[in-house]
Amino acid sequence: MFKVLLVDDEEWVVQSLKHSINWEQFGFQIIGEANSADEALEFIETNKPHLVITDIKMPGMNGLELIKKVISKDSSVQFVVASGHAEFVYAQKALRYGAIGYCLKPFEEHEIGECLVKARLNIEARSKKDDTEFIDLLFGQSEPDYDKVKDILHSEGIHADRNDMAVIQVLDNKLVPIERAVPYCSFQTGPRKIVYVINQSDFMAFMETVKSFPHSGVGYSTNIKLQDLKEAVQAANISSFHPFVTGSNGCYQLVSASKDLRSYLSAMADAMVKKDLKLIDHAFEELTHCFATGQYTIKDAYFVYCQIMYYANDRLSMQMDVDIDNFEQLSAIFMNVNEMLADLGRQINQFILSFTQAAHVEIEHQTIREIAKYANENFYKDINLNAISKLFYVTPNYVSHLFKKEMGINFTEYISKLRIDYAGTLLQSSDLTIQQVSEKSGFNDYFYFTRIFKKVTGLTPSEFRKKNK
């Protein structure tokens, strides 16, 4: 809910405003009332409401002076003027000072509603812009700009210069904004991810609120200093995906691996060379047991996935395309780590067993051309090798092998190239934020997009835009 302050020197006007509309229906909550502009100014500095509805003519400082003073310090605060017909000229002046609208007394529900809709759209648009600015300051350059980060945090009531902080990431398909029972700075890093930075002293109270909201995973880092904020956000990101390992939703802090998994992977590689199905099954059972302890992360699961795919290609010449580029994609394809390991084991076993069966029918090149055409037209959507294989009624392994043979690069590289080329076009020809360019190009994660973009072009998206626009 967005916060509202009502300001008028006449109490009956405040009460009339208060009961004239269903505020929550429009996404607002009244958090305070003030009977003078001086009282309102003090309240605004302490409580930081999103919207202030104020009278104009009041004893002492008037409403116009209040608007000028607040907006000169914090232009994010939205103002609506409550005025009578005799004050209409003043209301127009208030609009020039930065107010977004006015409501005439006596109040009409539809007039207030129109102002609330406009205020909410402004607040949400600014929030998205602030998200991008904060993310760029923290992750968009070699070294975070901690001075500007501190200023943004301070404007939200997070005192990074004198308090420790906590970072919480909430993961869900439908993100629901958390009510501001305590101060927080929030920013969205993907369609399914929202990060909250709070004062450490508010951690327990905030987590109780988080637990009451729907989510598919919550990760957190505590007792954080300003200079450690970037790493804390990354840690919270990893731990929010921990349900992939445990199989159950919950709130998790980053764990440290209890034992190196390389010995199990090495044993599996040796078993593949021997084509020993029993040893391969045993290696998969050992890995499943390791993850069942909960002492490994989804990042460890992604490492295991990549290593097994590498060994399958290197030791067995399976020519499997590693079509998953990060652990978040891994969680989108498999429900949990057990399903991932079972699927890999099944593919490897079937490949080894295929040597005792009749050879498969060779795929015509026309199929690969059709797949490339489909990719050209749909690269910005959520497509991968498994989906393509089902669509064209061929196996993933054969698509991977023939696509690379025909096109010179594997399917994943081909899709990434199409997406990065399109992202470059958007950066040059539009004013979309980096986050929006990422999503429209087919990338679901800001951090992964910026990393791949720099790898391909040698520049960050921001640097590319500055150079080419």
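Everything numeric here is computed off the predicted structure, so don't read it as measured data.

## Observations concerning the packing of helix α10 (residues 262–274) against helix α11 (residues 277–292)
- Here α10 crosses α11 at 160°, and the two axes come no closer than 8 Å. Classified by the angle their axes make, α10 and α11 are roughly antiparallel. As for how α10 packs across α11, the hand of that crossing is left-handed. Every residue of α11 that contacts α10 at Y264, L265, M268, A271, M272 and K274 is listed here: L279, I280, A283, F284, E286, L287 and C290.

## Describing the confidence of the model for the protein
- Per-residue confidence for the protein averages 85 on the pLDDT scale, and 94% of its residues sit at or above 70.
- Taken element by element, the protein is modelled with least confidence in helix α4 (residues 88–97), mean pLDDT 75, and with most confidence in strand β9 (residues 217–224), mean pLDDT 95.
- Long-range and interchain partners of residues 356–363, a stretch whose pLDDT sits below 50, account for 5 contacts in this model, where long-range means more than four residues apart.

## Digging into the packing of aromatic side chains
- Overall, the coordinates contain 20 aromatic pairs when judged by the stated rule.
- Relative to F327, the ring of F241 lies with its centre 5.5 Å away and its plane at 75°, an arrangement referred to as edge-to-face. You can see F241 sitting in the loop between α8 (229–240) and α9 (243–246) and its partner F327 sitting in helix α13 (residues 327–333), a full 86 residues away along the chain.
- With a centroid separation of 5.7 Å and an interplanar angle of 55°, the aromatic rings of F449 and F453 are classed as tilted. With a gap of 4 residues between them, F449 and F453 both fall in helix α20 (residues 446–457), about one helical turn apart. The two residues F449 and F453 agree in class, both being buried.
- Chaining the aromatic ring pairs together yields one cluster made of F443, Y448, F449, F453 and F464.

## Topic: the nonpolar core
- I308, M340 and I348 are the most contacted members of the largest nonpolar core, which has 42 residues in total.
- Contributions of two or more residues to this core are made by α9, α10, α11, α12 (298–316), α13 and α14 (337–353).
- Not counting chain neighbours up to four residues away, the residues in contact with M340 comprise F244, A301, V304, Y305, L330 and F334.
- By size, the runner-up hydrophobic cluster in this structure holds 38 residues, among which are I158, C185, A232 and A236.

## Some words on the pattern of salt bridges
- Tallied over the entire structure, the rule returns 10 salt bridges.
- A salt bridge links D343 to R346, with the shortest nitrogen-to-oxygen separation between them at 3.4 Å. Remark: R346 and D343 occur in helix α14; sequence separation between them is 3 residues, near one turn of the helix.

## Some words on the sheet that holds strand β4 (residues 78–83)
- Pairing in this open sheet of 5 strands is parallel, and the strands run β2-β1-β3-β4-β5 from one edge to the other. Only two strands of the sheet have a single partner each, and these edge strands are β2 (28–34) and β5 (101–104). Ignoring strand direction, the axes of neighbouring strands in this sheet form an average angle of 25°.
- The sheet contact formed by strand β1 (residues 2–7) and strand β3 (residues 51–55) spans 4 bridges and is parallel. Looking at β3, one finds that L6 is bridged to I53.
- Where helix α1 (residues 11–18) meets the sheet, it contacts β1, β2 and β3, and its direction lies at approximately 175° from that of β2.
- Packing of helix α3 (residues 63–73) onto the sheet brings it into contact with β3 and β4, and relative to β4 it is tilted by some 180°.

Reading the values: the criteria
- All chains use their own residue numbering, which begins from 1 and follows the written sequence.
- With pLDDT at 70 or above as the cut-off, local features in this predicted model cover only qualifying residues; side-chain atom pairs require 80 or more to be listed or tallied, and sums for whole chains, interfaces and linings still use all residues.
- Computation of side-chain values: all heavy atoms of the structure, hydrogens and water removed.
- An axis is simply a line fitted to the C-alpha atoms; with a helix, the fit covers only the stretch in contact. Between two such axes, the angle follows the N-to-C directions and lies from 0 to 180 degrees.
- The helix count covers DSSP runs of H or I at least four residues long, the strand count covers runs of E at least two residues long, and both are numbered beginning at the N terminus.
- Under this scheme an angle from 65 to 115 degrees is roughly perpendicular, one under 35 degrees roughly parallel, and one over 145 degrees roughly antiparallel; angles in between are oblique.
- In this scheme the handedness of a crossing depends on how the near helix is turned from the far one: anticlockwise by less than a right angle means left-handed, clockwise means right-handed.
- Residue contacts are counted whenever heavy atoms from the two residues lie within 4.5 Å of one another.
- Residue-level confidence of the predictor is what pLDDT reports, using numbers from 0 through 100.
- Two rings from Phe, Tyr or Trp (for Trp, the six-membered ring) form a pair when their centres sit within 6.5 Å of each other. Planes less than 30 degrees apart are called stacked, planes more than 60 degrees apart edge-to-face, and all others tilted.
- Accessibility here uses a 1.4 Å probe with only protein chains present; expressed as a share of the type maximum, an area under 20% marks a residue as buried, one over 50% as exposed, and anything in between as partly exposed.
- The term nonpolar core refers to a set of buried residues drawn from Ala, Val, Leu, Ile, Met, Phe, Trp, Tyr and Cys, joined through side-chain atoms within 4.5 Å.
- For this analysis, a salt bridge means a side-chain nitrogen from Lys or Arg found within 4 Å of a carboxyl oxygen belonging to Asp or Glu.
- Strands qualify as paired when DSSP identifies two bridges or more between them.

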